[in-house]
Amino acid sequence: MTALSGAVFPHSPALVRRYPLRMVILGVLAGAAILPPFLFLAYASLHQLDASGGFGASTFSHFAAIFAERTFGPTLVNSLSYALGSALLALVIGAAQAWLAERTDAPLRQLLYIASIISLGVPYVLYIVAWLLLLGKAGPVNALLQQLFGSAVPHLNLNSLGGMIFVEGMLWSPLAFLLLAPVFRNSDAAFEEAATVCGAGLVATFRRITMGMPLVFPAIVLGLAFLEIFVHAGGAIYGTLLSLIIASVVAYMPYGLRYAQIGVIQIHPELEEAATLSGARQTRAFVRIVLPLLVPALVSCWLFVFLLAVRAVSLLLLLVGPESQVVAVALFDFWNNGQIGELAALGAVWTAIMTVFSVTFLLLAGRYQMPVI
Amino acid sequence: MNFCGDEQQKTKNSPEECMRIAAAIGTLLMFVGAIAGGVGQAIAQNASDNPATYRGPDREQRLLDGARKEGQVTVYSSMIADQALRPILDGFQAKYPFVKAQYVRDDPPQQLQKVMAEARAGRFVVDVLESTGLEVAVRAANINQPFWSPESEVYPGDHRDPKGYWAPTRFSYLGACYNTDLIKPGEQPKSFEDLLDLKWKGKIAWSSTVIGAMLFITGVRNFMGEDKALAYLRELAKQDIAPIASANRVVVDRVMAGEYALCLDAFLHHPIISARKGAPVAPLPLEPVLSVVSSVMLPKAPPHPHAAVLFIDYLLSKDGQQKLQGADYFPAHPGVQASPDLDQIVPQKIGLHENFIAPAKMNADLARSRSLYQELFAK
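Residue positions are given per chain, counting from 1 as you read along its sequence in written order. For this description, chains carry letters from A and ligands carry numbers from 1, given in the order in which they are written. Only residues with pLDDT of at least 70 get local features here, since the model is predicted, and only at 80 or more are side-chain atom pairs given and counted; chain-wide, interface and lining totals rely on the full set of residues. Working from all heavy atoms in the structure, the side-chain values ignore hydrogens and water.

A. Layout of the overall build of chain A. Strands are runs of DSSP state E lasting at least two residues, helices are runs of H or I lasting at least four, and both sets are numbered from the N terminus onward. Each helix and strand counted, chain A has 17 helices and two strands in total. Any residue under 20% of the maximum accessible area for its type is buried, any over 50% is exposed, and the rest in between are partly exposed; the area is computed with a 1.4 Å probe on protein chains only. Classification of the 373 residues of chain A by burial places 41% in the buried group. We call two residues in contact when some of their heavy atoms are within 4.5 Å. Intrachain contacts of chain A at a sequence separation of at least 6 include 66% that bridge at least 24 residues. Accessible area of chain A: about 18700 Å², with a carbon and sulfur share of 73%. Accessible areas in this description were obtained via Shrake-Rupley with a 1.4 Å probe; residue shielding takes into account the shown protein chains only.

Listed below in structure tokens is the structure:
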């Protein structure tokens, strides 16, 4: 179990050593949240489905069918190039922004934070529509390029692997920025240490962004697993807001952990050891010393996960019920129904609300001396 | 079975014993018969009580009383919420204010996942399912039950299920659409053959979904026959048609934006609605005009059975169907006309043949259409 909590907090073996029981409980909780959908997927992939979608005899035929599919190889290669390419792009942009914001005195650099936070709250579908309008085959950029070069065909094609990498990379760059900014900020103690920390931060961020794609749970698959779990859970959880919350907790836990981790790393064990030496009991040391130091990281983590969660679509498509409609899914419906005007209007209102919310949040955090980001 | 027959004298039964056994068996049979009769009667009673199939003169009153107690109905539909679904629910609610009508709007694939999961768990949230193309899958999964509504009697027999597992709610006509800035009037393709002209190469898009490219292929197979269809599709594949992994409506939007000159699988009312708002797009019905029906189904154990049937009644009634007219859908009710704007794509009104794909046909042909799509178009 310690190994599991170690996996959840890979950089904090000290915490595991210091609070074995607490870490075990945390590990069990994390496992309980993550394992059911994983087990469901493993089980479903190894069993036949009958007409009602129920499980029949066990089989390897699903895997055989996938491997026999002639598009499997190219699809896999495409997905990997897509994930690696977009993560790399997000990282380059995010790192450049983080460097500008934290290591230079560029004017208005604080705007980067606001812009990133806002962009995290913009639902994906709006993002994609906007890029299509701008860089699509019939968009102004292509029209300009065609005029410049006097060609009949558009130069940029967003419906290509390169186009997908570009849009996805742009989509994730605010996340990369927000994850990297503290790394750049806290690395001014010594140069060589700075280089190491930056390097480690870059690698960790790259890994996080890459892993958060196809490689763990595609959101739609996670949604399907949760549909199955909730509908079988009895009681009245299926279709409720609570079910959406539980699914989102599991889906966004990795991001939250990565964010909170930054806070944890910064707390030196000496502080707590000093408290213990001065006679404080461990629990008291944790509550009085560690927790207050963790609060800014936890608060910023909350805002961060909140913004990611409110724009989720595919995770929630299969889970929303009659009384738990959420804005992101409503936006997706508008897109699917060709109601672009309504989409833009609701999207604008939503983005405005998210902006006001985030700015108020940041101002309040600053007021109480919590350097949230 | 002959217990006292000549060949089975090994058991050495005396005639008295035979009589006694016969009497005992007779008594037993009567007893079993009585029980079976009682159970049968109970079942019959149950069936006649089921609001889904009850036809007695007090049907309306029973539905109203039951719905009043249930107080709620949950509709899963793939209709566009703002334009059609909500007006219908509002109309229903205005007529029956004691029933709270709520809905979940999804595309058919998500609808199927949800109702199958609910059925497996034995816990339906859905009371009424309205969708396109799910009739056979839902029936095969043993999710729904037959129902009877006096309203469905006026619908033509070939548009509804003879066993009552589904009834039609709306029609859709599918065909091409084109961007009127990119293609001057008169230059647009006018037939399936015209689509093969190489001047359209790279300028055509379609939706890579079941209701998009697969349905187009099913339609072509249905009217050309397998051999001609295969030859035709091979030629069509040379046009490098761009697959868009979204609903058909999204493809029309891409044509409106000028990214593609043509699309092949539009719901033909979509370009009309957009053109009315000034978008440079026009519908292009190709003969024979592909048409499909959407339908309403009743789950096996809806949580609000009376309200569910009451809602189906309303949806199939003239009142309910008129709401579809306002939303630019094609009402399935033979006595309710679509809005006059839409006449330009109704095959009977413009003198074109119709290529109606019944639900069973659509489902039966899907697998081959999908493999043809994979083989010829997905490169």
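After that view of the structure, there is still more to cover.
B. Local environment of the environment of Trp166 of chain B. All names here are of chain B. Examined against the element boundaries, Trp166 turns out to sit in the loop between β4 (144-145) and β5 (167-179). Residue classification places Trp166 among the buried residues on the basis of a relative accessible area of 13%. Taking C-alpha positions, Trp166 is 34 Å from Leu376, a pair spaced 210 residues apart along the chain. Once residues within four sequence positions are removed from consideration, Trp166 is found in contact with Glu135, Phe147, His159, Arg160, Asp161, Val293, Ser295, Val296, Met297 and Pro359.

C. Structural view of the confidence of the model for chain A. In this model, chain A carries a mean pLDDT of 77, and residues with pLDDT of at least 70 account for 84%. Residue-level confidence of the predictor is summarised by pLDDT, bounded by 0 at the bottom and 100 at the top. Confidence drops under a pLDDT of 50 for residues 1-11 of chain A, and excluding neighbours within four residues, the segment shows 17 contacts in the predicted structure.

D. Looking closely at the pattern of salt bridges. All names here are of chain B. The term salt bridge refers to a side-chain nitrogen of Lys or Arg lying within 4 Å of a carboxyl oxygen of Asp or Glu. Counted according to the given criterion, the structure contains 17 salt bridges over all chains. Measuring nitrogen to oxygen at the nearest pair gives 3.3 Å for the salt bridge that ties Arg368 to Glu226. Of this pair, Arg368 sits in helix α13 (residues 359-376) while Glu226 sits in helix α7 (residues 226-237), placing them 142 residues apart in sequence. Here Arg368 falls in the partly exposed class, since its relative accessible area comes to 37%. For Glu226, a relative accessible area of 35% translates into the label partly exposed. Of the charged contacts in the structure, one is a salt bridge between Lys349 and Asp343, with a shortest N-O distance of 3.5 Å. Through salt bridges with shared partners, a single ionic network connects Asp49, Asp58 and Arg62.

E. Highlighting the interface of chain B and chain A. Taken together, the contact between chain B and chain A spans 37 residues of the former and 34 residues of the latter. For the pair chain B and chain A, the summed buried area comes to about 3100 Å², and 50% of that belongs to carbon and sulfur atoms. Broken down residue by residue, the surface that chain B buries against chain A is led by Arg120, Arg123 and Glu259 of chain B, which jointly contribute 20%. Between the two partners, chain B and chain A, sit one salt bridge. Its salt-bridge partner being Arg120 of chain B, residue Glu228 of chain A comes within 2.6 Å of it at the nearest N-O pair. Throughout this description, a polar contact denotes any pair of N or O atoms lying within 3.5 Å of each other; where both atoms belong to protein, one of them has to be capable of donating a hydrogen while the other can accept it, and for residues adjacent in sequence the pair is counted only when both atoms sit in side chains. Counting across the interface, chain B meets chain A through four residue pairs in polar contact (both at pLDDT 80 or more). Elements with a contribution of two residues or more to the side of chain B that touches chain A: β1 (72-77), α3 (81-95), β2 (100-105), α4 (108-121), α8 (248-256) and α13 of chain B. Considering every element that reaches the side of chain B that touches chain A, the biggest residue donor is α4 of chain B, with eight residues. Residue composition of the side of chain B that touches chain A, grouped by class: 15 nonpolar, eight polar and 14 charged. By buried area we mean how much accessible surface two parts lose on assembly, using a 1.4 Å probe and totalling the loss over both. Each residue is assigned to one class: nonpolar for Ala, Val, Leu, Ile, Met, Phe, Trp, Tyr, Cys and Pro, charged for Asp, Glu, Lys and Arg, and polar for all the others, Gly among them.

F. Inspection of the packing of aromatic side chains at higher detail. Here a pair means two rings of Phe, Tyr or Trp (six-membered ring of Trp) with centres within 6.5 Å. Their orientation is stacked below 30 degrees between planes, edge-to-face above 60, and tilted elsewhere. All told, the structure shown has 20 aromatic pairs over all chains when counted by the stated rule. Taking the centre distance of 5.1 Å and the plane angle of 50° together, the rings of Tyr113 of chain A and Phe177 of chain A count as tilted. Here Tyr113 of chain A is found in helix α6 (residues 111-121), whereas its partner Phe177 of chain A is found in helix α9 (residues 161-185), with 64 residues between them in sequence. Here Phe177 of chain A falls in the buried class, since its relative accessible area comes to 0%. Members of the aromatic cluster, joined through ring pairs, are Phe192, Trp206, Phe216, Phe223, Tyr232, Tyr373 and Phe377 of chain B. One residue, Arg62 of chain B, lies across the ring of Tyr54 of chain B, its end atom 3.9 Å from the ring centre. A cation over an aromatic ring shows up here: Arg68 of chain B above the ring of Phe98 of chain B, its NZ or CZ 4.3 Å from the ring centre. Charge-over-ring contacts are defined here by two conditions on Lys NZ or Arg CZ: a distance within 6 Å of the ring centre and an angle within 35 degrees of the ring normal.

G. Main features of the confidence of the model for chain B. Residue and element names in this part refer to chain B. Predicted confidence across chain B gives a mean pLDDT of 87, with 87% of residues reaching 70 or more. Across residues 1-13, confidence stays below pLDDT 50; counting only partners more than four residues off in sequence or on other chains, it has nine contacts. Low pLDDT, under 50, characterises residues 33-45; the predicted model gives this stretch zero contacts beyond four residues in sequence or across chains. With pTM at 0.77, the complex prediction returns an ipTM value of 0.71.

H. The arrangement of the nonpolar core in detail. Membership of the largest hydrophobic core comes to 135 residues, with the highest contact counts inside it found for Phe304 of chain A together with Phe92 and Phe311 of chain B. In this structure Phe304 of chain A touches Leu120, Leu175, Leu178, Tyr255 and Tyr259 of chain A, once residues within four positions along its chain are discounted. Nine residue types can take part in a nonpolar core, namely buried Ala, Val, Leu, Ile, Met, Phe, Trp, Tyr and Cys, and a core is a set of them joined through side-chain atoms within 4.5 Å.

I. Here's a closer look at the packing of α6 of chain A against helix α14 (residues 282-310) of chain A. Residue and element names in this part refer to chain A. Relative orientation of the contacting elements α6 and α14 amounts to 40°, with a least axis distance of 7 Å. Here α6 is positioned oblique relative to α14, judged by the angle of their axes. Along the contact surface, α6 presents Ile117, Leu120 and Gly121, while α14 presents Leu303, Phe304, Leu307, Leu308 and Val310. Here the residues of the contact of α6 with α14 sort into seven nonpolar, one polar and no charged. Orientation is described by axes fitted as lines to C-alpha atoms, over the contacting stretch for helices, and by angles from 0 to 180 degrees between their N-to-C directions. Each angle is binned into one of four classes, with values under 35 degrees roughly parallel, values over 145 roughly antiparallel, values of 65 to 115 roughly perpendicular, and all other values oblique.

J. Region of the structure containing α8 of chain B. Residue and element names in this part refer to chain B. Burial analysis of α8 places eight of its nine residues in the buried class, the great majority of the element. Where α8 is concerned, the buried positions are Asn248, Arg249, Val250, Val251, Val252, Asp253, Arg254 and Val255. Looking one or two residues beyond α8, the residue adopting positive phi is Gly258, at roughly 90°.

K. View of empty space enclosed by the protein. Residue and element names in this part refer to chain B. Residues are said to line a cavity or pocket when one of their atoms sits within 4 Å of a point; the points come from a 1 Å grid over protein atoms alone, cavities being sets where a 1.4 Å probe fits but cannot get out and pockets being open sets with protein on both sides within 12 Å along at least five of seven lines. Grid points are joined across faces, edges and corners, and a volume is the space filled by probe spheres set on the points. Enumeration according to the criterion identifies four cavities of 30 Å³ or more in this entry. What the largest cavity holds in volume is close to 120 Å³. Around the largest cavity, the lining comprises 16 residues; the ones closest to its centre are Leu174, Phe192, Phe216, Leu264 and Leu290. Sorting the residues of the lining of the largest cavity by element identifies β5, α6 (210-224), β8 (262-267) and β10 (289-299) as the ones contributing at least two each. If you tally residues by element for the lining of the largest cavity, the top one is α6, at five residues.

L. Looking closely at the environment of Gly223 of chain A. All names here are of chain A. Locating Gly223 in the fold gives a position in helix α11 (residues 219-232). For Gly223, a relative accessible area of 1% gives the class buried. Spatially, the C-alpha atom of Gly223 lies 22 Å from that of Asn337, the residues being 114 residues apart in sequence. Dropping the residues within four chain positions of it, Gly223 is found in contact with Leu315, Leu318 and Leu319.

M. Just a nonpolar patch on the surface, in detail. Here the term patch refers to residues with relative accessible area over 30% and no salt bridge, with like charges joined within 9 Å and nonpolar side chains (Val, Leu, Ile, Met, Phe, Trp, Tyr) within 5 Å. A cluster of nonpolar side chains, contributed by Leu46, Phe60, Phe63, Ile66 and Phe67 of chain A, occupies part of the molecular surface with about 510 Å² of accessible area. Mapping Leu46 of chain A onto the fold places it in the loop between α3 (20-45) and β1 (47-49).

N. Spatial organisation of α3 of chain B. Residues and elements named next belong to chain B. Each residue after the first adds 1.5 Å to the expected span of a helix. Its 15 residues give α3 an end-to-end C-alpha distance of 19 Å, which sits within 8% of 21 Å, the value for a rise of 1.5 Å per residue. Among the residues of α3, Ala81, Ala84, Leu85, Ile88, Leu89, Gly91 and Phe92 are the ones counted as buried. Taken together, the buried residues of α3 touch β1, β2, α10 (305-316) and α11 (318-326).

O. Quick peek at the state of the cysteines. All names here are of chain B. Here, two cysteine sulfur atoms that lie within 2.5 Å of each other are counted as a disulfide. Across all of its chains, the model carries zero disulfides over all chains by this definition. Among the cysteines around Cys177, which has no disulfide bond, Cys263 carries the closest sulfur, lying 3.2 Å off. You can call Cys177 buried: its relative accessible area is 0%.

P. Quick peek at the pairing of strand β9 (residues 281-284) of chain B. Residue and element names in this part refer to chain B. By the alternation rule, side chains of β9 split into Val281 and Pro283 and Ala282 and Leu284, which are all buried. Pairing between strands requires that DSSP locate at least two bridges from one strand to the other. In terms of strand pairing, β5 meets β9 through four bridges, oriented antiparallel. Among the inter-strand pairings, Tyr178 is bridged to a residue of β9, identified as Ala282.

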